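# Structure at a glance
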Amino acid sequence: MKYQAELLLFKNKLRRVKGTLRHAWQGLIGVAAVGGVLLYQFFFVIAKAGYGTGATEMGVLYTFLLVAAVNFFRVFLNQTPVLRIEAASVLHTYNTRYFRKSLFRKQLLSVLASALVSGMIACVLSGFLFNLVFLKRWLILTLYISTCSFLSWIFYHANRKIRGGVCAAFSFCTFLLFWRSPLSAAGLALSLYAVWMYTQRFLRLNMPKFFERMQSLEAASTAISQNDFARMQQLTEENRPAYVKGPMLYHLHPTKKSALWIKSLLELIRMQRQQIVLLALLLLGGWIVSSTNLFTFVPLLDNPAITSVIAVFCTTAAFNGLHQQLIKQAKTVSDKRKLGLALPFTRKKIIISYGMTAMILNLLLSLSVSLLYNAFSIRLILLLLAEAIAYSVPCCTQLYETRFQRGATAFSNMLLFIGIYWFLVI
């Protein structure tokens, strides 16, 4: 009976995969082609690996940085558990020996998958030569990726106190990855054993959270397999968080003068992770296009003048997205008067309070851009002034609901683009 249930679950997975391939094969082929070309460019153009010739030291460093960045996302930002078990199996077999065996098999498969991916990376970095260098890199990468998989599993289920320990463990393992010492493999092996033992003996699974997530994933995969867009939209609406996480306004004991400013900071903290990741990807993507050879295979992207404009455009989009988010939050507060609420703040006070937050974020982002492009100069002051104007003009026109809103938005975008272009390129 047990094997028949597993066979039926496996057939159901194949049925969903078949439906997904039938309805989305064009997009999957496109994603695979783009991913393959980018990987080729990264390993054979940037890292300069080739048959019989290993990658350069800088190429190996870039590869390890990429591996660390991907695993940082897996551990701390990915909202999907690394180990998946069918929702029906979770519901009917939890607290049974069968569930523990299934979980152990998933963990073993995770380690084998890490070994396979690490082997391919080490093989390319070693010039497709199976020597001692290949063995060393394969071992270190396997231990590191496997440890991060278990850390991601712990971070998903653990409470806030344990998550602090996960951050420390991830930092320690990442240090060992870049240490390049004979003791690195030993330290990573001990770390892997420690986190595995913790998952076996001490980790208490958050079963309500895990079961709900498995249900939503299976429902989403079924909707994609059946090409049911209405069901996809419904699942998107249902999976939005229904309650606020993090600190509340009353926790910070605000006064009448600081309440709006503190509220604006809290709203930024509660921004969705996808929005934060998108802003970071825009900044990083512009730098990759202009400062690396990753996209030189694309026509015209081997021209520095064009790649500089693309970098400026990506940076402008990041600043503009942040400004629009702050303006939207300020307008939401101001529009509460339309609901009959008597606010103790004027529009001018709202603009100033949210503007203070905008100036702080502009400064932090501008310093990050300066560090990324190595463009520290006195021009930074004028760039901050341009960013302040680009935020204030559309904010005032939208809160006061003037008829110049579209023109103000176009002006702010143009001013941002000119200021960033002058700062980075000229």
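Please refer to the structure higher up on the page.
Residues numbered from 1 in each chain as written. Predicted model: local features only at pLDDT ≥ 70, side-chain atom pairs only at ≥ 80, totals over all residues. Heavy atoms only, no water.

### Some remarks on the packing of aromatic side chains
For any pair of aromatic rings, the description consists of the separation of the ring centres together with the inter-plane angle of the planes. Convention followed: Pairing of aromatic side chains here covers Phe, Tyr and the six-membered ring of Trp, requires ring centres within 6.5 Å, and sorts the geometry by plane angle: under 30 degrees stacked, over 60 edge-to-face, intermediate tilted. The helix and strand labels rest on DSSP assignments: H or I over at least four residues marks a helix, E over at least two residues marks a strand, and numbering proceeds from the N terminus. Summary of the burial criterion: residues with accessible area below 20% of their type's maximum are buried, those above 50% are exposed, and those between are partly exposed, where the area comes from a 1.4 Å probe applied to protein chains only. Geometrically, a lysine NZ or arginine CZ counts as sitting over a ring once it is within 6 Å of the ring centre and also within 35 degrees of the ring normal.
In this structure the tally under the stated criterion is 17 aromatic pairs. A centroid spacing of 5.2 Å and a plane angle of 85° characterise the contact between Phe-76 and Phe-155, whose relative ring orientation is edge-to-face. Pair noted here: Phe-76 is in helix α2 (residues 57-77) and Phe-155 is in helix α5 (residues 132-157), with a separation of 79 residues, a long-range link. Note on Phe-76: relative accessible area 11%, which makes it buried. Counting every residue linked through ring pairs, the aromatic cluster contains Phe-72, Phe-76, Tyr-144, Phe-155 and Phe-170. When the ring centre of Trp-422 is taken as reference, the NZ or CZ atom of Arg-379 above it lies at 4.7 Å.

### Here we look at helix α15 (residues 405-424)
In plain terms, the rule: To estimate how far a helix should reach, multiply one less than its number of residues by 1.5 Å. Note that the arc is computed from the directions linking the helix axis to the C-beta atoms.
Along its 20 residues, α15 runs 28 Å from first to last C-alpha, staying within 8% of the 28 Å computed at 1.5 Å per residue. All of the buried residues along α15 are Ala-408, Ser-412, Leu-416, Gly-419, Ile-420 and Phe-423. Down the axis of α15, the buried side of the element spans an arc of 95°, and every buried residue falls inside it. Residues of α15 that are exposed and point more than 90 degrees away from the buried face comprise Arg-406 and Met-414.

### A closer look at the packing of helix α14 (residues 379-399) against α15
What counts, and what does not: For every element, the axis is a line fit to its C-alpha atoms; helices are fit only across the contacting stretch, and the angle between N-to-C directions ranges from 0 to 180 degrees. To sort the angles, those under 35 degrees are grouped as roughly parallel, those over 145 as roughly antiparallel, those from 65 to 115 as roughly perpendicular, and the leftovers as oblique. Two residues qualify as a contact provided that any one of their heavy atoms is within 4.5 Å of a heavy atom in the partner residue.
Where α14 contacts α15, the axes come no closer than 9 Å and their chain directions differ by 170°. Looking at the two axes, α14 sits roughly antiparallel to α15. Facing α14, whose interface residues are Arg-379, Leu-380, Leu-382, Leu-383, Ala-386, Glu-387, Ile-389, Ala-390, Val-393, Pro-394, Thr-397 and Gln-398, α15 presents Gln-405, Ala-408, Thr-409, Phe-411, Ser-412, Leu-415, Leu-416, Gly-419, Ile-420, Trp-422 and Phe-423.

### Focus on the layout of surface pockets
Heads up, the condition is: The definitions used throughout rest on a 1 Å grid laid over the protein atoms alone, on which a cavity is an enclosed set of points accommodating a 1.4 Å probe that cannot get out and a pocket is an open set flanked by protein within 12 Å on both sides along at least five of seven lines; lining residues are those having an atom within 4 Å of a point. Grid points are joined across faces, edges and corners, and a volume is the space filled by probe spheres set on the points.
A volume near 1100 Å³ is recorded for the second largest pocket. Contributing to the lining of the second largest pocket are 24 residues, with Leu-66, Ala-69, Leu-281, Leu-284 and Ile-288 lying nearest its centre. Counting residues per element, the ones that place at least two in the lining of the second largest pocket are α1 (2-46), α2 and α11 (273-291). Broken down by element, the residue count for the lining of the second largest pocket peaks at eight residues, all from α2.

### Looking at the side chain of Thr-63
Relative to the helices and strands, Thr-63 is located in helix α2. Contact partners of Thr-63, with chain neighbours within four places excluded, come to Phe-42, Phe-43, Ile-121 and Leu-125.

### Regarding α5
The α-helix winds at 3.6 residues per turn, so residues separated by three or four positions along the chain end up facing the same way. Rule in force here: N or O atoms closer than or at 3.5 Å make up a polar contact, with two conditions inside protein: a donor-capable atom paired with an acceptor-capable one, and, for residues adjacent in sequence, both atoms drawn from side chains.
For α5, which comprises 26 residues, the first-to-last C-alpha distance of 38 Å matches the rise-based estimate of 38 Å (1.5 Å per residue) to within 8%. A large share of α5 lies buried, amounting to 20 of its 26 residues. Structurally, the start of α5 carries an N-cap: the backbone nitrogen of Val-133 is 3.3 Å from a side-chain oxygen of Asn-131.

### Topic: the pattern of salt bridges
For clarity, the cut-off: Think of a salt bridge as a Lys or Arg side-chain nitrogen and an Asp or Glu carboxyl oxygen that are within 4 Å of each other.
Counted according to the given criterion, the structure contains three salt bridges. Two residues, Lys-13 and Glu-86, come together in a salt bridge whose shortest N-O distance is 2.9 Å. Within this pair, whereas Lys-13 is found in helix α1, its partner Glu-86 is found in the loop between α2 and α3 (87-93), the two being separated by 73 residues in sequence. A salt bridge links Lys-331 to Glu-401; its shortest N-O distance comes to 3.6 Å. Of this pair, Lys-331 sits in helix α12 (residues 304-334) while Glu-401 sits in the loop between α14 and α15, and the two are 70 residues apart along the sequence. By sharing partners, the salt bridges in this structure join Lys-331, Asp-335 and Glu-401 into a single network.

Interpretation note: all reported values are geometric properties and have no functional meaning in isolation.
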